[in-house]
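# Descriptive analysis of the structure
Each chain is listed here by its residues.
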Amino acid sequence: QEPENRPDIKYWSMHFVGMLALHLPVLIWYDVPLLLSSAVAAVVGCAIAFAIFNRAAVQSWLLALASVFMGAAIASMHYTGMAAMRMSSKVTYDPLIVAASVGVAIIGSFAALALTRNLIQVKSESGASLRKSGAALLMGFAVAGMHYTGMAAAHFTRGPAGWLPGNYLVLGTYQLGLVVAATSVALLGIALAATQFERWTLKTRGRFENLLELSPQIVWFGQPDGQITYFNPYWYEYTGLSVRKALGDGWISAIHPDERDDVVERDRKSNRL
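From a predicted model like this one, the values you see are computed outputs, not experimental measurements.

Counting residues in hydrophobic clusters, the biggest one holds 40 residues, and the most contacted among them are Phe16, Tyr30, Met70 and Ile74. Mapped by element, the contributors of at least two residues to this core are helix H1 (10–20), helix H2 (32–53), helix H3 (60–83), helix H4 (95–121), helix H5 (128–152) and helix H6 (174–214). Broken down by element, the residue count for this core peaks at 10 residues, all from H3. Leave out the neighbours within four places in its chain, and Met70 touches Cys46, Ala49, Phe50, Ser109, Leu113 and Met139. In this structure, Ile228, Phe231, Ala246 and Trp251 belong to the second largest nonpolar core, which totals 8 residues.

Here is the structure:
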């Protein structure tokens with residue numbers, strides 16, 4: 001699975017930095033436990049969506065179900081984050097715009113997942129980069145579109161006078177936004193580097209395995225206790241043994257009876273060194 005299709009915290013980062021872009025004539029504090037809950041909502045919801053999406057066969061109704069979970073995750077993340085706001089103001093919401101924001105999240109998620117699924121199913125590399133970019137833009141639209149539509153649904157009115165911040169609150173500042181954004185970019189960079197390393201490792205391993213498969217010599221891998229875990233195809237051609245009969249200590253049966261005891265004893269001595 002491509003890394004850009006994995007559920008992670010980058011959606012929450014965009015959402016929170018977007019919330020910090022809101023300027024009101026009062027200081028805005030954020031309840032830390034609720035902020036963490038909004039991140040958990042995003043991760044859990046996206047994980048459920050991708051568990052459905054990554055099935056071997058995905059019918060239209062399953063894709064729609066995954067989109068609903070994805071959209072619900074984005075909406076839960078947003079409104080839980082909004083509920084974390086603490087200030088000397090009250091917040092009310094227009095229910096029609098709230099419904100529209102959820103619809104934007106679901107529709108945007110469906111478009112992104114459908115395009116990504118098409119990218120997975122199509123074997124041709126032609127236009128792959130363009131489709132990946134399109135899927136990323138659509139998912140970004142789903143998150144950003146839902147976020148700002150949801151913000152438009154919020155109405156702020158004057159709260160009780162003399163309000164003071166309580167415990168477990170963090171002040172929403174420009175500096176906090178920079179820290180969150182920089183941390184998100186750094187984590188994304190690390191994830192991309194790890195993915196590239198994984199791809200390189202798999203490619204290198206594949207080449208090595210091809211060399212073993214084509215080698216005209218017997219190649220095997222064994223454990224310290226003498227149990228054999230791998231034979232290349234030339235071994236099976238040479239001995240006529242099957243994989244089931246050769247692995248472990250079954251290879252001993254391929255040794256000539258006159259030499260078998262001596263070979264086994266030497267093998268045991270070498271494993272004890």
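Time to look at the pairing of strand E7 (residues 228–231). Inspection of the sheet shows strand E6 (residues 220–222) paired to E7 by 3 bridges, in the antiparallel sense. Within the sheet, the bridge partner assigned to Gly222 lies in E7 and is Ile228. From the end of E6 to the start of E7, which pair antiparallel, there are 5 residues, and Gly226 there has a positive phi angle of about 90°.

Relative to the helices and strands, Asp31 resides in strand E1 (residues 29–31). Note on Asp31: relative accessible area 15%, which makes it buried. Not counting residues within four places of it along the chain, the set of residues in contact with Asp31 comprises Ala84, Arg86, Tyr168 and Leu169.

We now examine the environment of Leu34. Positionally, Leu34 belongs in helix H2. In the structure, Leu34 is positioned 48 residues away from Met82 in sequence and 9.1 Å away in space, judged by C-alpha atoms.

If you walk through the whole model with that rule in mind, you get 8 aromatic pairs. An angle of 80° between the planes, with centres 5.7 Å apart, marks the rings of Tyr79 and Tyr93 as edge-to-face. You can see Tyr79 sitting in helix H3 and its partner Tyr93 sitting in strand E3 (residues 89–93), a full 14 residues away along the chain. Members of the aromatic cluster, each reached through a chain of ring pairs, are Trp12, Phe16 and Tyr30.

Turning our eyes to something else, we now look at unusual backbone geometry. One non-glycine residue, Tyr168, adopts positive backbone phi at about 60°. Checked against the element boundaries, Tyr168 lands in the loop between strand E4 (154–158) and strand E5 (169–171).

A few words now on the packing of H1 against H3. Two elements in contact, H1 and H3, have axes separated by 10 Å at closest approach and are oriented at 40°. Regarding the angle of H1 to H3, the classification is oblique. You can see that H1 and H3 cross each other, and the crossing is right-handed. For the pair formed by H1 and H3, the contact residues are Tyr11, Trp12, His15 and Met19 on the first element and Met77, His78, Gly81 and Met82 on the second. Of the residues that constitute the contact of H1 with H3, the class distribution is 5 nonpolar, 3 polar and no charged.

Rules used throughout
- Positions within a chain are numbered from 1, following the residues in the order the chain's sequence is written.
- Owing to the predicted nature of the model, reporting of local features is limited to residues with pLDDT of at least 70; listing and counting of side-chain atom pairs is limited to 80 or more, with chain, interface and lining totals taken over all residues.
- With hydrogens and water set aside, each side-chain value is computed from the structure's full complement of heavy atoms.
- By nonpolar core is meant a set of buried Ala, Val, Leu, Ile, Met, Phe, Trp, Tyr and Cys residues that side-chain atoms within 4.5 Å join together.
- Any residue under 20% of the maximum accessible area for its type is buried, any over 50% is exposed, and the rest in between are partly exposed; the area is computed with a 1.4 Å probe on protein chains only.
- The numbering of helices and of strands both runs from the N terminus, where a helix is a DSSP run of H or I of at least 4 residues and a strand a run of E of at least 2.
- Throughout, a residue-residue contact means that at least one pair of heavy atoms, one from each residue, lies within 4.5 Å.
- Note: two strands are recorded as paired if DSSP finds a minimum of 2 bridges between them.
- Planes of paired rings set the category: under 30 degrees apart is stacked, over 60 is edge-to-face and the rest tilted, where pairs are Phe, Tyr or Trp rings (Trp by its six-membered ring) whose centres lie within 6.5 Å.
- Axis lines are fitted to C-alpha atoms, over the contacting stretch for helices. Their N-to-C directions set the angle, which ranges from 0 to 180 degrees.
- Orientation is classified from the angle alone, with under 35 degrees giving roughly parallel, over 145 giving roughly antiparallel, 65 to 115 giving roughly perpendicular, and any other angle giving oblique.
- For any pair of crossing helices, the crossing counts as left-handed if the nearer helix is rotated counterclockwise from the farther one by less than a right angle, and right-handed if it is rotated clockwise.
- For this classification, Asp, Glu, Lys and Arg are treated as charged, while Ala, Val, Leu, Ile, Met, Phe, Trp, Tyr, Cys and Pro are nonpolar and the rest, including Gly, are polar.

So, to be careful, I would describe these as geometric facts and stop short of saying anything about function.
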